[in-house]
Amino acid sequence: MRLTKNTQGALFMAASMAGFSCSDALSKTVIATMNAGEIIFIRGLFTSFFVYLLARRMGALRNWRVILQPMIALRIACEALAAATYITALGMMPIANASAIQQAVPLAVTLGAMIFLKEPVGWRRWTAIAVGFVGVLIIIRPGRDGFTTAALLAIACMFATAARDLATRCIDKDVPSLMVTLCTAISISIFGALCIIPFGGWQPASTTSLLQILLASVLVLIGYQGVILAMRTGEISFVAPFRYLSLIWSALLGLIAFGEVPDGWSVFGAAVVIASGIYTFYRESRRRAAEPVAQESEPRVPA
């Protein structure tokens, strides 16, 4: 049976989330002995090497000037910010909590699509977005002194990831996905190298740590390529909610690898975020289904 574009995009996103979640768990195991810049740099080198070999074999290499395209440059900048903030946050908070905050990315993507891509968003989806961000606040529960550093980093990563996905959607279709991945991986590696000294300087890496980062780089490659293919294949509103699968992966990995058990408030906050995202997807599906009818009758206010 031939799969629809949306189904293909959903499968790509599911594979991407599995890759990123496992890579995050591996990165968390070495963050205690290596700073985030060093991890990003080494992981980026491995990833760049693998992507280059794959792109060369598949004939996906293009002139390097492609990186100068505004949307590709924006995607790279957002990816760099997301990587630095998230890996740093992982060293300060449970992986399940960090992942739960990232579940608000589809809501941020919907908000960004409305603002920058002029997609219609009615009051119901506005409400769902607001409720979803309340769920994020439930997860991080800012204290008397406000947001913790870990929470701020996780939130920054959330918005950077949403911006990355929107930029990916706007990249010229003629640019191969592997070329986009390669440009991103090389740029992230350079960014990581620049962050080593500000983040505390170079720390000697053990063989075990290097092997863990090597495996993490392979998983990041799966994640990179999966997100790019997902966002360029299916509709944003359909594909984005499949990010929620990463929460299941992260919770299991946190429990098995680090003995982390999310508390009741974190689980409740994650449920609020996910429910809001699913409702947003539902309203988007209803809106698209009603479009042909609306075109034949009178204009309507988007729901």
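Here the structure is a predicted model, which is why all the values come from computation and not from measurement. (Residues numbered from 1 in each chain as written. Predicted model: local features only at pLDDT ≥ 70, side-chain atom pairs only at ≥ 80, totals over all residues. Heavy atoms only, no water.)

1. Some thoughts on the overall build of the protein chain
Stage number 1. For the protein chain, the helix and strand inventory stands at twelve helices and zero strands.
Stage number 2. In summary, the protein chain has a C-alpha radius of gyration of 19 Å against a globular reference of 19 Å for 303 residues, a match within 12%.
Stage number 3. When its C-alpha atoms are laid out on the principal axes, the protein chain stretches across 70 × 55 × 35 Å.
Stage number 4. Split into buried and exposed, the 303 residues of the protein chain put 52% on the buried side.
Stage number 5. Restricting the contact set of the protein chain to residue pairs at least 6 apart, pairs at least 24 apart contribute 88%.
Stage number 6. Split by element, the accessible area of the protein chain, about 14200 Å² in all, is 69% carbon and sulfur. (Helix = DSSP H or I, 4+ residues; strand = E, 2+ residues; numbered from the N terminus. Rg over C-alpha atoms; globule rule 2.2 N^0.38 Å. Buried < 20%, exposed > 50% of the residue type's maximum accessible area, 1.4 Å probe, protein only. Contact = heavy atoms within 4.5 Å. Areas by Shrake-Rupley, 256 points an atom, 1.4 Å probe, with all protein chains shown as cover.)

2. Quick word on the packing of helix α1 (residues 5-30) against helix α11 (residues 245-258)
Stage number 1. Viewed as axis vectors pointing N to C, α1 and α11 meet at an angle of 30°, and their least axial separation amounts to 9 Å. With respect to α11, the axis of α1 lies roughly parallel. Between α1 and α11 lies a crossing whose hand is right-handed. Seen from α1, the contacting residues are Ala14, Met17, Ala18, Ser21, Cys22, Ala25, Lys28 and Thr29; seen from α11, they are Leu245, Ser246, Trp249, Ser250, Leu253 and Phe258.
Stage number 2. Residues belonging to the contact of α1 with α11 are distributed by class as follows: nine nonpolar, four polar and one charged. (Axes fitted to C-alpha atoms, helices over the stretch in contact; angles between N-to-C directions. Parallel < 35°, antiparallel > 145°, perpendicular 65-115°, else oblique. Left-handed = near helix turned anticlockwise from the far one by under 90°. Nonpolar A, V, L, I, M, F, W, Y, C, P; charged D, E, K, R; others polar.)

3. As for the UniProt feature "domain: EamA" (unreviewed entry) in the protein chain
Stage number 1. Residues given the UniProt feature "domain: EamA" (unreviewed entry) here are residues 9-140.
Stage number 2. Note that residues 9-140 is 78% helix and 0% strand, and that its end C-alpha atoms are spaced 31 Å apart. (UniProt positions renumbered as here; feature names shortened; annotations may be inferred.)

4. Here we look at the packing of aromatic side chains
Stage number 1. Scanning the entire structure with this criterion turns up four aromatic pairs.
Stage number 2. Here Phe133 and Phe159 contribute two aromatic rings whose centre-to-centre distance is 6.0 Å and whose plane-to-plane angle is 35°, an arrangement assigned as tilted. In this pair, Phe133 sits in helix α6 (residues 123-140) while Phe159 sits in helix α7 (residues 149-169), placing the two residues 26 residues apart along the sequence.
Stage number 3. A relative accessible area of 42% places Phe159 in the partly exposed class.
Stage number 4. A cation over a ring is seen here: Lys28 above Phe258, with NZ or CZ 5.6 Å from the ring centre. (Phe/Tyr/Trp six-rings, centres within 6.5 Å; stacked < 30°, edge-to-face > 60°. Lys NZ or Arg CZ within 6 Å of the ring centre and 35° of its normal.)

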